[in-house]
Amino acid sequence: MAFLEILTRYYKRPNLLAANARALAEQTDPDYVQTILADDVGLGIGASYERLADYAPRLVGEYVWILDDDDICTRPTLVAELKTIVQEDNPDVVIVKMDHGPRGVLPGLGRWEQPPVCGEIGVSAFIVRQNVWKAHAQAFLPGDYVSDFRFISAIFESGASVFWHNVIASKVQQIGLGKPEAV
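Predicted model only: the values in this text are computed from it and were never measured. (Residues numbered from 1 in each chain as written. Predicted model: local features only at pLDDT ≥ 70, side-chain atom pairs only at ≥ 80, totals over all residues. Heavy atoms only, no water.)

### Section: the nonpolar core
The condition is simple: Here the nonpolar core consists of buried residues drawn from Ala, Val, Leu, Ile, Met, Phe, Trp, Tyr and Cys, with membership extended through side-chain atoms lying within 4.5 Å. Only protein chains enter the accessibility calculation, which uses a 1.4 Å probe. A residue is then buried if its area is under 20% of the maximum for its type, exposed if over 50%, and partly exposed in between. Here a strand is any run of E in DSSP of at least two residues, a helix any run of H or I of at least four, and the numbering for each starts at the N terminus. Throughout, a contact is declared for two residues whenever any of their heavy atoms are within 4.5 Å.
Ranked by internal contacts, the top residues of the largest apolar core, which has 30 residues, are L52, F126, V128, W133, F140, F151 and I155. Put simply, the parts of the chain that give this core at least two residues each are helix 2 (45-55), strand 3 (61-66), strand 5 (93-99), strand 7 (126-129), helix 4 (130-136) and helix 5 (147-157). In terms of residue count, the dominant contributor to this core is helix 2 (4 residues). Among residues more than four places away in sequence, those in contact with F151 are F126, V128, W133, H136, A137, A139 and F140. Counting 18 residues, the second largest nonpolar core, distinct from the first, contains I6, C73, L78 and V96.

### Quick word on the pairing of strand 2 (residues 32-38)
To keep it simple, the criterion reads: A pair of strands counts as paired when DSSP detects no fewer than two bridges linking them. For the handedness criterion, the strands are oriented away from the viewer, and a crossover whose path from the first strand over the helix to the second runs clockwise is classed as right-handed.
Bridging between strand 1 (residues 2-10) and strand 2 involves 7 bridges; their strand directions are parallel. If you follow L7 over to strand 2, its bridge partner there is T35. For the handedness criterion, the β-α-β arrangement of strand 1, helix 1 (residues 14-25) and strand 2 is classed as right-handed.

### Overview of the pattern of salt bridges
Here the idea is simple: oppositely charged side chains can pair when their charged atoms come close. The test is simple: Here, a salt bridge means any Lys or Arg side-chain nitrogen found within 4 Å of an Asp or Glu carboxyl oxygen.
Within the structure shown, the criterion is met by 8 salt bridges. For K83, the salt bridge is made with D29, and the minimal N-O distance between the two is 3.0 Å. Residue K83 is located in helix 3 (residues 78-89), and its partner D29 is located in the loop between helix 1 and strand 2; the two are separated by 54 residues in the primary sequence. Between K83 and D31 there is a salt bridge, and its shortest N-O distance comes to 2.9 Å. Here K83 is found in helix 3, whereas its partner D31 is found in the loop between helix 1 and strand 2, with 52 residues between them in sequence.

### Topic: the packing of aromatic side chains
Condition: Between the rings of Phe, Tyr and Trp (Trp by its six-membered ring), a pair exists once the centres lie within 6.5 Å; its type follows the angle of the planes, with under 30 degrees stacked, over 60 edge-to-face, and the other angles tilted. Only when the NZ of Lys or the CZ of Arg is both within 6 Å of the ring centre and within 35 degrees of the ring normal is a charge said to sit over the ring.
The full count for this structure, using the stated rule, is 8 aromatic pairs. Relative to F140, the ring of W133 has its centre 5.5 Å away and its plane inclined at 55°; by these criteria the two rings are tilted. Considered together, W133 and F140 belong to a single accessibility category, that of buried residues. In textbook terms, an aromatic cluster arises when at least three aromatic residues are bridged by ring pairs, as seen for Y49, F126, W133, F140 and F151. Positioned above the aromatic ring of Y49, the side-chain terminus of R9 is 4.5 Å from the ring centre. In this arrangement the basic side chain of K97 is found over the ring face of W112, its NZ or CZ atom lying 4.8 Å from the centre.

In short, the description is geometric, and any link to function would need to be established separately.
What follows is the structure, encoded as structure tokens:
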């Protein structure tokens, strides 16, 4: 079993996906696997969240992180850092920050170390232990633009243990909104 499984939702963004994979290849600890959840038809954001819920029984990582094709990992030491956090604190969830470009860093300063708020959290801001992910995967349903918020909120409401790792772990390459990459 890989320590970290990185789920990457992909839709007609080959250059962005290649940059995503290159950034991950820079990890100092290679104990991760990237799983591409491809949408070859253009089913949209709702369907992508439904696929995350449906994929839960097949997870292979001890922890799970969503890093979409239009995002890149900015910390080559992230896997090693996560292993240290797990060894020392054993949390159910690790919250990191994500640079959402023009939308700013999420969660923002006013939301750091606070329960999630819709519009102030994004998918690459949380890394979740596999069994906790599986227990809450149905919170992604119905699939819509705020499914990530419903999912992480359900986990918080369950009393899961949370470690706040105050680093920016990812940044957006393009605000994708479910569309193919800009040419």
